[in-house]
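What the coordinates show
Take a look at the letters that make up each chain.
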Amino acid sequence: MFENLLQNPVYMLGIVAAAVIILIVLVMKFKVNAFVSLLIVSVLSAFAAGMTPGDTLASITGGMGSTLGGITIIVALGAMLGAMLEVSGGAKVMANTLIKTFGINKAPLALVAVGIIVGTPVFLDVAFIILIPVVYSLAKQTKKSVLFFSLPLLAGLAVGHTLIPPTPGPVTVANIVGADLGSVIMMGFVVGIPAAICGGIFYSKFIAKRINVNPPEVPEVAVEDERKLPSFGIVVLNISLPLILIVIRTVCDLVLPEENSLRVVLNFIGAPEIALLISVLFSFLTLGLQRGISKSVIEEVCSKALGPAGIILAVTGAGGVFKQVLIDSGIGTSLADMMSQASISPIFMAYLIATIMRISVGSATVSMTTAAGIMAPVIVATGTNPTLIVMAIGCGAINFVHFNDSGFWLISKYSGTNEKETLKTWSAMATIIGITGIIIVMILSIFIK
């Protein structure tokens, strides 16, 4: 009887719905720590999906290990780089320049543009960690909510992460469905820019007036006069150095043969972990020692920066556990199969499958890859434009960010919002971007065959 239930997609959908409801109740109603709540829901979901205790433990340790293995070094080094930008006055310089150049009201639009540009070669989490000190400084200078600036930045990053190559997600989808990469890049901007403006400008202004978040307190370093503040060029170089190294790595992967020795070297220094390590060491010199900040102060600042990073990593890891359980249990695959059998437009089907996968497993990349695999034969059978399918899948992968996404917790902690506020801000904005995007794609499909 139970084995038959496990073959029923409706039952699997019920597990996901129940898991999300229990998670919301534990965190919001009973105030159970998010880390503990995620582990509880992960175990319950695993058992409900028929996983053995041994398999459940394997998913827990595997999910925690795979998530933290990829992000621990990045979060720790990113926290140090952010701390150096803050205490040296670098973030203040960047904020002042943005305000002076664009004005306070246009600064969010500039952050959307920065997010799209930075988000295309770099994972959303990495870019957000690197740029969040600029958001804090803008909030301090203008006395506005952190959300007034963080949400536009996140909107741009989300679009770059899911719609515009060379980010791995859209590149992978384009390869699977046979779309031309150049067409995907151009279409990504056509769909992504208005969607990011809709969510990142209009909605962020609306919600920032209703949820005020002050920037966090950071260790202070006395700067005797303005002459000791780093120049705008140095600040930009510190922020862009890891991004440049990562982009160079991406380009080399595309143009150099695999056995080329230069590609091997650039692949190493362009790995996010090594790129950030190089950038942190560079910041010690250009933002620290050359600004008159002593070695002992630099060490103290970096040590304090790791405190909040530990909390972020714990909750992020638990989110990875939940995601892994949903993947290993077959819940995501079952739901995707159910969606693929529906008689609807292939473009909208691609969007729905990616959305369901996003809700189920949390990972945008996993949901995009799964949806692409399902849609590839559908494209051949229907003759649908593959570039539009890539866009639809990307829009679905932005949608409905919630507790099973490790990035949800990372953004929550860095933005200074609790779980409920994060749902109202980041999750709602991401959904607006996804819905706006698919509307644009469906309109384009009338004219593009």
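Because the structure is a prediction, the values reported are computed rather than measured. (Residues numbered from 1 in each chain as written. Predicted model: local features only at pLDDT ≥ 70, side-chain atom pairs only at ≥ 80, totals over all residues. Heavy atoms only, no water.)

Looking now at the packing of helix α18 (residues 386-398) against helix α20 (residues 419-447). Axis separation between α18 and α20 bottoms out at 7 Å; the angle between their running directions is 160 degrees. Taken together, α18 and α20 sit at an angle that is classed as roughly antiparallel. Crossing angle aside, the handedness with which α18 passes α20 is left-handed. On α20, the residues touching Leu 388, Met 391, Ala 392, Cys 395 and Ile 398 of α18 are Ala 430, Ile 433, Gly 434, Gly 437, Ile 438, Val 441, Leu 444 and Ser 445. Split by residue class, the contact of α18 with α20 holds 10 nonpolar, 3 polar and no charged. (Axes fitted to C-alpha atoms, helices over the stretch in contact; angles between N-to-C directions. Helix = DSSP H or I, 4+ residues; strand = E, 2+ residues; numbered from the N terminus. Parallel < 35°, antiparallel > 145°, perpendicular 65-115°, else oblique. Left-handed = near helix turned anticlockwise from the far one by under 90°. Contact = heavy atoms within 4.5 Å. Nonpolar A, V, L, I, M, F, W, Y, C, P; charged D, E, K, R; others polar.)

Before going further, it helps to examine the packing of aromatic side chains. Each aromatic ring pair is described using two quantities: the centre-to-centre distance and the angle formed by the ring planes. Under the criterion given, the structure shown has 7 aromatic pairs. A centroid spacing of 6.3 Å and a plane angle of 90 degrees characterise the contact between Phe 128 and Tyr 414, whose relative ring orientation is edge-to-face. Of this pair, Phe 128 sits in helix α7 (residues 124-142) while Tyr 414 sits in helix α19 (residues 406-415), and the two are 286 residues apart along the sequence. In this structure, Phe 128 and Tyr 414 share a single accessibility class: buried. Through a chain of ring-to-ring contacts, three or more aromatic side chains come together here, namely Phe 403, Phe 408 and Trp 409. Sitting over the face of the ring of Phe 148, Lys 144 holds its NZ or CZ atom 4.7 Å from the ring centroid. (Phe/Tyr/Trp six-rings, centres within 6.5 Å; stacked < 30°, edge-to-face > 60°. Buried < 20%, exposed > 50% of the residue type's maximum accessible area, 1.4 Å probe, protein only. Lys NZ or Arg CZ within 6 Å of the ring centre and 35° of its normal.)

Moving on, we come to the environment of Ile 211. Residue placement: Ile 211 occurs in the loop between α10 (181-208) and α11 (232-255). In this structure, the C-alpha to C-alpha distance between Ile 211 and Met 357, residues 146 residues apart in sequence, is 30 Å. In contact with Ile 211, not counting residues within four places along its chain, are Ser 145, Leu 147, Glu 421, Lys 424 and Thr 425.

Glancing now at α7. The end-to-end C-alpha distance of α7, which contains 19 residues, comes to 25 Å, matching closely the 27 Å that a straight helix rising 1.5 Å per residue would cover. Taking burial as the measure, the 19 residues of α7 include 17 buried ones, the bulk of the element. A positive phi of about 65 degrees marks Lys 143, the residue just after α7. (Expected span 1.5 Å × (residues − 1).)

Scored by pLDDT, the chain comes out at a mean of 83, with 93% of its residues at no less than 70. Contacts from residues 219-225, a stretch scored under 50 in pLDDT, to residues over four places away or in other chains number 10 contacts. (pLDDT = per-residue confidence, 0-100.)

Looking now at the pattern of salt bridges. Applying the stated criterion across every chain yields a total of 2 salt bridges. Across the salt bridge formed by Glu 300 and Lys 304, the nearest N and O atoms sit 3.0 Å from each other. Of the two residues, Glu 300 and Lys 304 are both situated in helix α14 (residues 295-328); the distance of 4 residues between them amounts to about one turn of the helix. Here Asp 405 and Arg 358 are joined by a salt bridge, their closest N and O atoms 3.6 Å apart. With Asp 405 in the loop between α18 and α19 and Arg 358 in helix α16 (residues 346-361), the pair connects residues that are 47 residues apart, well separated along the chain. Judged on exposure class, the residue Asp 405 and its partner Arg 358 are both buried. (Salt bridge = Lys/Arg side-chain N within 4 Å of Asp/Glu carboxyl O.)

Here we come to helix α8 (residues 147-163). Counted at 1.5 Å a residue, the expected span for α8 with its 17 residues is 24 Å, and the 23 Å between its end C-alpha atoms agrees. Along α8, 17 of the 17 residues are buried, which leaves the element largely enclosed by surrounding structure.

Moving on to unusual backbone geometry. Of note in the backbone geometry, Lys 143 takes a positive phi value of approximately 65 degrees without being a glycine. Position of Lys 143 relative to the elements: it lies in the loop between α7 and α8.

Further remarks concern the packing of helix α5 (residues 90-102) against α7. Two elements in contact, α5 and α7, have axes whose closest approach is 8 Å; the angle formed by their N-to-C orientations is 65 degrees. α5 and α7 meet at a crossing whose hand is right-handed. Contact with α5, carried on its side by Ala 91, Lys 92, Met 94, Ala 95, Asn 96, Leu 98 and Ile 99, involves Pro 133, Val 134, Ser 137, Leu 138, Gln 141 and Thr 142 of α7 and no other residues of that element. Looking at side-chain class alone, the contact of α5 with α7 contains 8 nonpolar, 4 polar and 1 charged residues.

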